[in-house]
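Spelled out, the chains give:
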Amino acid sequence: MKLSRFLYHHTPHGKHEVRGIIAAGRVRVDGEQVRDSQFHIGDFTHVTVDDVVLRNQSPVYLMLNKPAGYLSATVDNEHPTVMELIDSSEALHIAGRLDRASTGLLILTNDGKWSRRITEPKQGVAKVYQVTTAEPITEETATHFQQGIYFAYEDLTTQPAELKILSSQSAQVTIYEGRYHQIKRMFHAVGNRVTSLHRLSMGSIELDKSLELGQYRALTQDEIESNWSE
Ligand code: URA
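Residues numbered from 1 in each chain as written. Predicted model: local features only at pLDDT ≥ 70, side-chain atom pairs only at ≥ 80, totals over all residues. Heavy atoms only, no water.

Chemist: Outline the pattern of salt bridges, supporting the account with residue identities and numerical values.
Modeler: Here the structure, examined in full by the defined rule, presents 7 salt bridges. Across the salt bridge formed by Glu 154 and Arg 185, the nearest N and O atoms sit 2.7 Å from each other. Separated by 31 residues along the polypeptide, Glu 154 in the loop between β9 (150-151) and β10 (156-157) and Arg 185 in helix α5 (residues 182-189) bring together distant segments of the chain. The salt bridge partner of Asp 208 is Arg 217, with a shortest N-O separation of 2.7 Å. In this structure Arg 217 comes out as partly exposed when scored by relative accessible area, which is 22%. (Salt bridge = Lys/Arg side-chain N within 4 Å of Asp/Glu carboxyl O. Helix = DSSP H or I, 4+ residues; strand = E, 2+ residues; numbered from the N terminus. Buried < 20%, exposed > 50% of the residue type's maximum accessible area, 1.4 Å probe, protein only.)

Spelled out as structure tokens, the structure:
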């Protein structure tokens, strides 16, 4: 967003006055005086006018080991939400939901650009899940997943997914999108049923094994940057 537009939305001044304030050198952006009304203001840019802070928001990135029973939503009247597990005053959103019964890696952030990089299907970021099923998992399932499963509701075929059978009724599944109930629907399509689903990783961000269910921690700088460089 341009600096003039930002000031117009964050102060009571009109467009003409805003231009005067900028030209008079009363605005500082990340500590530097800026007189260019076209100057780009990002989501986390620090802006002051006459030393009054208009915005001073820092990016926040958290990983939670989601327990079963919590909704991946900010508010709900019926069920507890993952937000109740997080002590943060920032307005966070979820980067890639998990179903209420699913567990494991859930990432929360206030950085929309960053979260789109990890969640948009076209970005093709790998998401790895540990799955247990009601019926034995066959080798043909791996072939079907590799070929893609047709979802009539969206009229699309899923991207090739990898299935590594771990035991008769458990497997590791890697998908490169994040469609609604994707893994449950993929198993349903081959006549099986998911009985538990646990997310292990998203891109190169792996669930920290030291986190108990319900615990969370901030992402490291390397983890944050890995999502930009994938
Ligand atoms: N696929 C599902 O079916 N559920 C999830 O929570 C995640 C992926």
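Now that the structure is up, let's keep going.
Chemist: Would you mind going over the site of the ligand in detail, with residue names and values included?
Modeler: In the region of the ligand, the neighbouring residues are Leu 98, Asp 99, Ser 102, Tyr 129, His 181, Gln 182, Ile 183, Lys 184 and Leu 197. Within the contact set of the ligand, a nitrogen atom lies 2.7 Å away from a side-chain nitrogen or oxygen of Asp 99. Contact distances for the ligand include 3.1 Å between a nitrogen atom and a backbone N or O atom of Ile 183. Coverage of the ligand by the protein amounts to 95% of the 240 Å² it exposes when considered alone. Top element by residues in the shell around the ligand is α5. It accounts for 3 residues. (Near = heavy atom within 4 Å. Polar contact = N/O pair within 3.5 Å; in protein donor to acceptor, adjacent residues only side chain to side chain. Areas by Shrake-Rupley, 256 points an atom, 1.4 Å probe, with all protein chains shown as cover.)

Chemist: Any chance you could break down the sheet that holds strand β4 (residues 52-55) for me, citing the residues and the numbers?
Modeler: The strands that make up a sheet are held in pairs by hydrogen bonds between backbone atoms, and each pair lies either parallel or antiparallel. Reading across from one edge, β2-β1-β3-β4 is the order of the 4 strands in this open sheet, with antiparallel pairing throughout. Each end of this open sheet is capped by a strand with a single partner; those strands are β2 (32-33) and β4. When strand β1 (residues 27-29) meets β2, the two strands line up antiparallel, connected through 2 bridges. Bridged to Arg 28 within β2 is Gln 33. (Pairing = 2+ DSSP bridges.)

Chemist: Mind laying out the domain arrangement of the chain, listing which residues take part and the relevant values?
Modeler: For the chain, the domain assignment lists domain 1 (3-55) and domain 2 (61-229). Once you take the C-alpha centre of each, domain 1 and domain 2 turn out to be 40 Å apart. (Domains from an automatic or database assignment.)

Chemist: Describe the nonpolar core, with residues and values.
Modeler: Core analysis: the largest hydrophobic core is formed by 29 residues, its most contacted members being Leu 108, Val 131, Phe 145, Leu 163, Val 173, Ile 183 and Phe 187. For this core, the elements supplying multiple residues, two or more each, are β5 (61-66), β7 (103-109), β8 (127-133), α4 (139-147), β12 (170-175), α5 and β13 (194-202). In this structure, Val 131 is in contact with Gln 169, Ser 170, Ala 171, Val 173, Ile 183, Phe 187, Val 194, Ser 196 and Leu 197, ignoring residues within four places of it in sequence. Counting 14 residues, the second largest nonpolar core, distinct from the first, contains Ile 118, Met 202, Ile 205 and Ile 224. (Core = buried A, V, L, I, M, F, W, Y, C linked by side-chain atoms within 4.5 Å. Contact = heavy atoms within 4.5 Å.)

Chemist: Report on unusual backbone geometry, specifying residues and quantitative values.
Modeler: Positive phi is not limited to glycine here, since Asp 50 has a value of about 50 degrees. Along the chain, Asp 50 turns up in the loop between β3 (47-49) and β4. Phi angles above zero are rare outside glycine, and Asp 155 is one such case at about 55 degrees. As for its position among the elements, Asp 155 is in the loop between β9 and β10. According to the relative accessible area criterion, Asp 155 is exposed, its value standing at 56%.

Chemist: Account for the packing of aromatic side chains, with residues named and values stated.
Modeler: Across all of its chains, the model carries 2 aromatic pairs by this definition. Ring geometry for Phe 145 and Phe 187: centres 5.0 Å apart, planes at 80 degrees, overall edge-to-face. Remark: Phe 187 occurs in helix α5 and Phe 145 occurs in helix α4; sequence separation between them is 42 residues. You can call Phe 187 buried: its relative accessible area is 0%. Residue placement shows Lys 15 over the ring face of Tyr 8; its charged tip is 5.1 Å from the ring centre. The positively charged end of Arg 185 is found above the aromatic ring belonging to Phe 151, 3.9 Å away from the centroid. (Phe/Tyr/Trp six-rings, centres within 6.5 Å; stacked < 30°, edge-to-face > 60°. Lys NZ or Arg CZ within 6 Å of the ring centre and 35° of its normal.)

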